[in-house]
Amino acid sequence: NAGVTQTPKFQVLKTGQSMTLQCAQDMNHNSMYWYRQDPGMGLRLIYYSASEGTTDKGEVPNGYNVSRLNKREFSLRLESAAPSQTSVYFCASSEASQVRYSSGNTIYFGEGSWLTVV
Amino acid sequence: AQSVSQHNHHVILSEAASLELGCNYSYGGTVNLFWYVQYPGQHLQLLLKYFSGDPLVKGIKGFEAEFIKSKFSFNLRKPSVQWSDTAEYFCAVDLGGGFKTIFGAGTRLFVKA
C-alpha cells in the first residue's frame, strides 16, 4: 500500500517552461488536493478535486491547472513557470466527499516535489 | 477570513524538556482540529486530531492536545521531548467536509541531545 505517490521529486525549470506534476493514490479516496509549502507560510491549497471529474480552486490557483484523470490520479500543470512558483508541492488525498458529508477527515500526503524556477 | 495562527515559528529545547506549541484559529462554527508533523526528509503525517467528545486528545509518540473552545485554541503538548521529536509541526483546522482545511504556518522544533 503505497499511499500517495507523486513525481518528479525534484525539478529545475527555466522561466516560461511548462511541466506537469503527477500524483496517484491507492486508498480509494474521493478527494485529492495540491498544496504548496513555502517558508513561514505553511501549506496553501492550490486546487482540489472532491470527486472524479470535478476540480475547484483553492487559496492560490493562479498560474496552475489541474486534471482529475480518474479516481486515482490528479495532476498539476504549470503552463509557464515563474520564479514565484519555486516551492515544495504536496499532493494529498482524503475520504472527504461532497455527496456524503463527513468531518474529521485525515489528509494523507505524498512525499513532496521540490520545484525550482530559475 | 478564517485563519490559523501558530505562535512560535522556531522552538529549541533540550531533551526531557516539556513542550507546548500554541495554535489559535478564527472561525465561529464547528471545527475539526488536527496536528500534523513533518519529520526531516519525510512527508506530513497525522499526529492527532479532535473530532468531538473529550477535548483532551492523545496522539502518537506521547503527544496530546487540548481543545479549548472558548479560547479558539488547540495547543499541542508533550511532557518530555526526545531528540527524535525534531520536526516541523502544523496545526490545521477543517471547516467542513475536508475541502476547507486551513493550515498554520508551522513550528520548527529542534531538540538538542
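The rules behind these values
The residue numbering used here restarts from 1 in each chain and proceeds along that chain's sequence as written. Chains and ligands are labelled sequentially in the order written, the chains with letters from A and the ligands with numbers from 1. Restriction of local features to residues with pLDDT of at least 70 applies here, the model being predicted, together with a cutoff of 80 or more for giving and counting side-chain atom pairs; totals for whole chains, interfaces and linings are based on all residues. Heavy atoms from the whole structure form the basis of all side-chain values; hydrogens and water molecules are not counted. Among buried residues, the Ala, Val, Leu, Ile, Met, Phe, Trp, Tyr and Cys ones that are joined through side-chain atoms within 4.5 Å form a nonpolar core. Exposure categories follow from relative accessible area, calculated using a 1.4 Å probe and restricted to protein chains: below 20% of the type maximum is buried, above 50% is exposed, and the middle band is partly exposed. Helical segments are the DSSP runs of H or I of at least four residues, strand segments are the runs of E of at least two, and each set is numbered from the N terminus. By definition in these notes, contact holds between two residues if any of their heavy atoms fall within 4.5 Å. At least two bridges found by DSSP between two strands are what make those strands a pair. Each axis is a line fitted through C-alpha atoms, taken for helices only over the stretch in contact, and angles between the N-to-C directions span 0 to 180 degrees. Ring pairs shown here join Phe, Tyr and Trp side chains whose ring centres sit within 6.5 Å, with only the six-membered ring taken for Trp; geometry is labelled stacked below 30 degrees between planes, edge-to-face above 60, and tilted in between.

**Here we look at the nonpolar core**
Nonpolar side chains tend to gather and get buried jointly when the protein is soluble and globular. Leu33, Trp35, Leu48, Phe74, Leu76 and Tyr89 of chain B are the most contacted members of the largest nonpolar core, which has 29 residues in total. The biggest single contributor to this core is strand 10 (residues 87-94) of chain B, with 4 residues. The next biggest cluster of nonpolar side chains, apart from the first, holds 20 residues, and it includes Leu21, Val60, Cys91 and Leu115 of chain A.

**With respect to the environment of Asp56 of chain A**
Along the chain, Asp56 of chain A falls in strand 6 (residues 56-57). Each C-alpha atom, one on Asp56 of chain A and one on Val66 of chain A, is 9.1 Å from the other, the two residues being 10 residues apart in sequence.

**Some details on the environment of Tyr47 of chain A**
All names here are of chain A. Locating Tyr47 in the fold gives a position in strand 5 (residues 42-49). When its relative accessible area of 10% is taken as the criterion, Tyr47 is described as buried. Separated by 11 residues in sequence, Tyr47 and Gly58 have C-alpha atoms that sit 4.7 Å apart. In this structure, Tyr47 is in contact with Tyr33, Trp34, Asp56, Lys57, Gly58, Pro61, Tyr64, Val66 and Phe74, ignoring residues within four places of it in sequence.

**Remarks on the sheet that holds strand 7 (residues 64-68) of chain A**
Residues and elements named next belong to chain A. In space, the 4 strands of this open sheet follow the order 1-3-8-7, with antiparallel pairing throughout. With one partner strand each, in any of the chains shown, strand 1 (4-7) and strand 7 form the two edges of the open sheet. Pairwise comparison of adjacent strand axes, ignoring direction, gives a mean angle of 15 degrees for this sheet. Inspection of the sheet shows strand 7 paired to strand 8 (residues 74-78) by 5 bridges, in the antiparallel sense. Residue pairing across strands places Ser67 opposite Ser75, the latter belonging to strand 8.

**Brief notes about unusual backbone geometry**
Geometrically, the link from Thr7 of chain A to Pro8 of chain A is a cis peptide bond, its omega value of -5 degrees lying close to zero. Within the fold, Pro8 of chain A resides in the loop between strand 1 and strand 2 (10-13). The backbone of Ala16 of chain B sits at a positive phi, close to 80 degrees, despite the residue not being glycine. With respect to the helices and strands, Ala16 of chain B occurs in the loop between strand 2 (10-14) and strand 3 (19-21). The class for Ala16 of chain B is exposed, based on a relative accessible area of 53%. You will see that Lys61 of chain B, though not glycine, has its phi angle at about 60 degrees, which is positive. Its location among the elements puts Lys61 of chain B in the loop between strand 7 (56-58) and strand 8 (64-68).

**Considerations on the packing of aromatic side chains**
To describe a pair of aromatic rings, you give the distance between the ring centres and the angle between the ring planes. The final tally for this structure, using the stated rule, is 13 aromatic pairs over all chains. Relative to Phe103 of chain B, the ring of Phe109 of chain A has its centre 6.0 Å away and its plane inclined at 75 degrees; by these criteria the two rings are edge-to-face. With Phe109 of chain A in strand 10 (residues 108-109) and Phe103 of chain B in strand 11 (residues 101-103), this residue pair bridges two chains. Both residues of the pair, Phe109 of chain A and Phe103 of chain B, count as buried. Relative to Tyr36 of chain B, the ring of Phe34 of chain B has its centre 5.8 Å away and its plane inclined at 20 degrees; by these criteria the two rings are stacked. The buried category is assigned to Tyr36 of chain B, whose relative accessible area is 0%. Aromatic rings pair up to connect Tyr33, Tyr35, Phe90 and Phe109 of chain A together with Phe34, Tyr36 and Phe103 of chain B into one cluster.

None of this, on its own, says anything about what the molecule does.
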